[in-house]
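What follows is each chain in one-letter form.
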Amino acid sequence: MARVSIQNLNKKYDNGFHAVKDVNLEIQDKEFVVLVGPSGCGKTTTLRMVAGLEEITSGEIRIGEQVVNDLPPMDRNIAMVFQNYALYPHKTVFDNMAFGLQMRGYAKADVDKRVREAAEMLGIQPLLERKPRQLSGGQRQRVAVGRAIVRHPQVFLFDEPLSNLDAQLRVQMRVELKRLHEQLETTAIYVTHDQVEAMTLGDRVVVMKDGLVQQVGEPLELYAQPANRFVAGFIGSPAMNFVEVAISGAGAALWAQAEGLRVRVPTEFAERVHAHAGKRLTLGVRPEALRIANGVDEYSFETAVDVVEPLGNEILLNFRAGGVPMVARVDPGVRIKAHDNIRFALDPQRLHFFDPGSDAAL
Amino acid sequence: MLIERKWKKWLYFYLPMTVFIVFTLFPFYWMAVTAFRPDNELYATWRQPNAAPLWTLHPTLEHFVGLMQTTAFPTWLWNTMLIAIVSTLISLVCGMFAGYALARLRFRGSEFLGTAIFITYLVPQTLLFIPLADIVRDLQLGNTPWALMLTYPTFLIPFCTWLLMGYFKTIPRELEECARIDGATRFGAMVRIIFPVAIPGILSAGIFAFTLSWNEFIYALVFMASADQKTVPVGVVSELIRGDIFFWGQLMMGALLGSVPVALVYSFFVEYYVTGLTGSVKG
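Everything numeric in this text was worked out from a predicted model, so none of it was measured.

Colleague: What exactly am I supposed to notice about the interface of chain B and chain A here?
Modeller: By convention, interface size is frequently given as the accessible area that disappears when the constituent parts associate. Taken together, the 19 residues of chain B in the interface contact 24 residues of chain A. Taken over both partners, the interface formed by chain B and chain A buries close to 1900 Å², and the fraction arising from carbon and sulfur atoms is 65%. The tally of links from chain B across to chain A stands at two salt bridges. A salt bridge links A:Arg151 to B:Asp182; the nearest nitrogen and oxygen atoms lie 2.9 Å apart. Within the residue set of the side of chain B that touches chain A, elements represented by two or more residues are helix 9 (173–181) and helix 10 (186–197) of chain B. Sort the elements by how many residues they give to the side of chain B that touches chain A and helix 9 of chain B lands first, with seven residues. When its residues are assigned to classes, the side of chain B that touches chain A shows ten nonpolar, three polar and six charged.

Colleague: How should I be thinking about the packing of helix 3 (residues 108–122) of chain A against helix 4 (residues 137–149) of chain A in this particular structure?
Modeller: For any two helices packed against each other, the geometry is given by the interaxial angle and the distance between the axes. All names here are of chain A. Packing of helix 3 against helix 4 leaves a shortest axis separation of 9 Å and a crossing angle of 140°. When the axis of helix 3 is compared with that of helix 4, the two are oblique. You can see that helix 3 and helix 4 cross each other, and the crossing is right-handed. Mapping the contact onto sequence places Ala 118, Met 121 and Leu 122 in helix 3 and Arg 142, Val 145, Gly 146 and Ile 149 in helix 4. Residue composition of the contact of helix 3 with helix 4, by class: five nonpolar, one polar and one charged.

Colleague: Is there a simple way to explain a negative patch on the surface in this structure?
Modeller: Residue and element names in this part refer to chain A. On the surface, Asp 29, Glu 182, Glu 185, Asp 203, Glu 218 and Glu 221 cluster together into a patch of negative charge. Among the structural elements, Glu 221 can be located in helix 7 (residues 219–224). Since its relative accessible area comes to 35%, Glu 221 is described here as partly exposed.

Colleague: How should the domain arrangement of chain A be read in this particular structure?
Modeller: All names here are of chain A. Per the domain assignment, the segments making up chain A are domain 1 (4–228) and domain 2 (241–354). Every contact between the two is made by five residues of domain 1 and, on the other side, four residues of domain 2. For the domain 1 and domain 2 pair, buried surface summed over both sides reaches about 390 Å², with 52% attributable to carbon and sulfur atoms. Together, Tyr 223, Pro 226 and Asn 228 form the three largest contributors to the area buried by domain 1 at its contact with domain 2, with a combined 87%. On inspection of domain 1 and its partner domain 2, the count reaches zero salt bridges. Of the residues that constitute the side of domain 1 that touches domain 2, the class distribution is four nonpolar, one polar and no charged.

Colleague: Looking at this structure, how should I read a positive patch on the surface?
Modeller: Taken together, the side chains of B:Arg106, B:Lys169, B:Arg173 and B:Arg186 present a region of like positive charge at the surface. By the element assignment, B:Arg186 lies in helix 10.

Colleague: Explain empty space enclosed by the protein here, please?
Modeller: The method is simple in principle: a probe with the dimensions of a water molecule rolls over the atoms, and the space it marks as empty is what remains. Residues and elements named next belong to chain A. On inspection of all chains with the given rule, the structure shows one cavity of 30 Å³ or more. Approximately 70 Å³ is the volume found for the largest cavity. Around the largest cavity, the lining residues are Phe 32, Val 81, Val 145, Ala 148, Ile 149, Phe 156, Phe 158, Leu 177, Leu 180, His 181, Leu 184 and Ala 188. The set of elements that each furnish at least two residues to the lining of the largest cavity consists of helix 4, strand 7 (155–159) and helix 5 (167–184). A total of four residues in the lining of the largest cavity trace back to one element, the largest contributor, which is helix 5.

Colleague: In this structure, what is going on with the layout of surface pockets? I would like to understand it.
Modeller: Computed from the structure, the largest pocket encloses a volume of approximately 830 Å³. Contributing to the lining of the largest pocket are 24 residues, with A:Lys11, A:Leu53, A:Glu54, A:Glu55 and B:Arg106 lying nearest its centre. Listing elements by their share of the lining of the largest pocket, those giving two or more residues are strand 1 (4–12) of chain A together with helix 9 of chain B. Among the elements that make up the lining of the largest pocket, the one with the highest residue count is helix 9 of chain B (four residues). Looking at side-chain class alone, the lining of the largest pocket contains six nonpolar, three polar and 15 charged residues.

Colleague: What is the right way to look at the nonpolar core in this model?
Modeller: Generally speaking, a soluble globular protein has its nonpolar side chains buried in company with each other. Counting residues in hydrophobic clusters, the biggest one holds 76 residues, and the most contacted among them are A:Leu157, A:Ile189 and B:Phe168. A per-element tally of this core places helix 8 (residues 153–170) of chain B first, with nine residues. Excluding its chain neighbours within four sequence positions, the residues that come into contact with A:Ile189 are A:Val4, A:Ile27, A:Val33, A:Leu35, A:Leu47, A:Val50, A:Val155, A:Phe156, A:Leu157 and A:Phe158. Ranked by size, the runner-up nonpolar core spans 45 residues in total, among them A:Ala79, A:Leu135, A:Val150 and A:Phe234.

Colleague: Honestly, the sheet that holds strand 5 (residues 66–67) of chain A in this entry has me stumped. Any pointers?
Modeller: Strand pairing in a sheet is mediated by backbone hydrogen bonds. Such pairs are either parallel or antiparallel. Residue and element names in this part refer to chain A. Strands sit in the order 2-1-4-5 across an open sheet of four strands; the sheet is antiparallel. Each edge of the sheet is formed by a strand with only one pairing partner; in this case those strands are strand 2 (18–27) and strand 5. The pairing of strand 1 with strand 4 (residues 58–63) spans five bridges and is antiparallel. Of the residues in strand 4, the one forming a bridge with Ser 5 is Arg 62. Each of strand 1, strand 2 and strand 4 touches helix 1 (residues 43–51); the most contacted strand, strand 1, lies at about 115° to it.

Colleague: What am I meant to see in the side chain of A:Glu54 here?
Modeller: All names here are of chain A. With respect to the helices, strands and loops of the structure, Glu 54 is situated in the loop between helix 1 and strand 4. For Glu 54, a relative accessible area of 18% corresponds to the buried category. A polar contact is formed between the side chain of Glu 54 and the side chain of Arg 48, at a distance of 2.9 Å. In contact with Glu 54, not counting residues within four places along its chain, are Lys 11, Tyr 13, Thr 45, Arg 48 and Met 49.

Colleague: Any chance you could explain helix 10 of chain B here in plain terms?
Modeller: If you check helix 10 of chain B, its first and last C-alpha atoms are 15 Å apart, about what twelve residues at 1.5 Å a residue would give, namely 16 Å. For helix 10 of chain B, the complete set of buried residues consists of B:Gly188, B:Ala189, B:Met190, B:Ile193, B:Ile194, B:Phe195 and B:Val197. Here the buried face of helix 10 of chain B lies against helix 2 (93–103) of chain A together with helix 4 (73–104), helix 8, helix 9 and helix 11 (199–215) of chain B.

Colleague: Got a minute to help me understand a nonpolar patch on the surface in this structure?
Modeller: All names here are of chain B. On the surface, a nonpolar cluster with roughly 590 Å² of combined accessible area is contributed by Phe 13, Met 17, Phe 20, Ile 21, Leu 25 and Phe 28. Looking at where Phe 28 falls in the secondary structure, it is placed in helix 1 (residues 2–35). Looking at Phe 28, the relative accessible area reads 47%, which means it is partly exposed.

Here is what the cut-offs are and how they apply
Residues numbered from 1 in each chain as written. Chains lettered and ligands numbered in written order. Predicted model: local features only at pLDDT ≥ 70, side-chain atom pairs only at ≥ 80, totals over all residues. Heavy atoms only, no water. Contact = heavy atoms within 4.5 Å. Buried area = accessible area lost by both parts, 1.4 Å probe. Salt bridge = Lys/Arg side-chain N within 4 Å of Asp/Glu carboxyl O. Helix = DSSP H or I, 4+ residues; strand = E, 2+ residues; numbered from the N terminus. Nonpolar A, V, L, I, M, F, W, Y, C, P; charged D, E, K, R; others polar. Axes fitted to C-alpha atoms, helices over the stretch in contact; angles between N-to-C directions. Parallel < 35°, antiparallel > 145°, perpendicular 65-115°, else oblique. Left-handed = near helix turned anticlockwise from the far one by under 90°. Patch = residues over 30% accessible without salt bridge, like charges linked within 9 Å, V, L, I, M, F, W, Y side chains within 5 Å. Areas by Shrake-Rupley, 256 points an atom, 1.4 Å probe, with all protein chains shown as cover. Lys, Arg positive; Asp, Glu negative; His and termini not counted. Charge placed at Lys NZ, Arg CZ, Asp CG, Glu CD. Buried < 20%, exposed > 50% of the residue type's maximum accessible area, 1.4 Å probe, protein only. Domains from an automatic or database assignment. 1 Å grid on protein atoms, 1.4 Å probe; cavity = no way out; pocket = protein on both sides within 12 Å on 5 of 7 lines; lining within 4 Å. Points joined across faces, edges and corners; volume = space filled by probe spheres on them. Core = buried A, V, L, I, M, F, W, Y, C linked by side-chain atoms within 4.5 Å. Pairing = 2+ DSSP bridges. Polar contact = N/O pair within 3.5 Å; in protein donor to acceptor, adjacent residues only side chain to side chain. Expected span 1.5 Å × (residues − 1).

Structural data, given as structure tokens:
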């Protein structure tokens, strides 16, 4: 139970690859923080540096009050769950879970008690005498988690622990992990490339790309106010639509224009967008910020739908506007066929504008 | 249709397999038959009435008795066993640590070192015995078991190192990372996690090393002079071929008895041995 503080963390490999660049992160006690990003973004490297499995090129990592830069993994009082579970194949489930306690010299009775407690919490008591190869993927996953929790570490580290499970089990384990975290009240750092996992599990989410932290925030904050185009596109499924628009007009009546699309810039953006009048910006619209228009207004445009994807709880409409493919998420009650001409309206409260040069949100 | 397929299976599968089995096993069979054949039958011509060239009509233990009485065969067997076990153990221990280091540790020149070790394995023994003989003489180890116990590792260690390096590389790195987080040092993780997981590979390396040293001929011939220090392969050949006289029955009996321990070792560990060469570790 401790804070984790990461300051100006850098990792450069011998071949010159700069995997982690100046990462700063303050993780509060009992917080569940998720590092998310595409593969090669440095999230796993960051986690491994916290674990002590990877040397730090520069910067500082503190767990609790202690600087752990030069501490070996065993002295950091952490536990880690690996993607491939890394269960010891020659040991039984019980011995897998007990190993960390035995290495730390716990009394036999104490080891036994703790392992059985953890096994009960995870519902794996009947498996204690089995070997890992006799377990299913989900059971192995539980054992790996159990092995981490028996030690009551200061910090849990998770390295894509659910990505080897099938989709259904993944959803189930996701909920269980969240429940477990609430029960245990231990600081947790969780790495994943799956934005849904990140959004559902994290108290806060850290989005990374190319070794740089793009944005840190609560899940809904990232969703509603992405700091840049990358975060906006990475969080949310289907992804946000992006259209290159030209800004024209003057004063209060600014217009964003692209091929087949002409909408008014909402007044709350007017001031920020004003400086870009006569230039181009990227307009970002979430699929659910598009609805079928009731009439013609200054936020609506007409286009033909190419593909209709009825998902049951919603319908995804694929169409082209502004020269790019876009997706709208609409109510399942709507009856639309492919190739229908539809008038869509943008929700002016939920538009995003990005500088096309820096990709930063305006 | 069905008949034709059966016929094809015989032609393409059973027939080649039978040829292969006969080809590989016949020398052993011949050795065994000769070992139990009385001398008069052994030297009889095949044309003689009642001749049974492929088996024996009067099995006898005379060659066994002769081998035990006229030669130091039990001593040879003991020498061979002792030397094979000690040199295998030395080579395994060195090979385990060296293989682990080459598979896991990143240090300057680790790749070069790996290749260099492999190249030493390629130097033929028929050349290497010359400088080694010099060393053995300087250390005054000639005609003692130590001469072989210490020279066999020169080819066994590179072999074990390479075989085990390959095996260690198949073990997921996360296993020992997890052990290190669980509270083990690097050395502790190696001894408590990696070595137990690598048992099939270690056993394979051990069996191979044991067989190689059991059957080794040149070093044993050069470094061992007196009859009571010889190993089975050298003893049998040097003591049972006198001038141009071959004591066939005793020779074959010696060879048969000499191959029994190796066969036993193989049959005991055959399962491990196969996974050691082919399989890796799964989760």
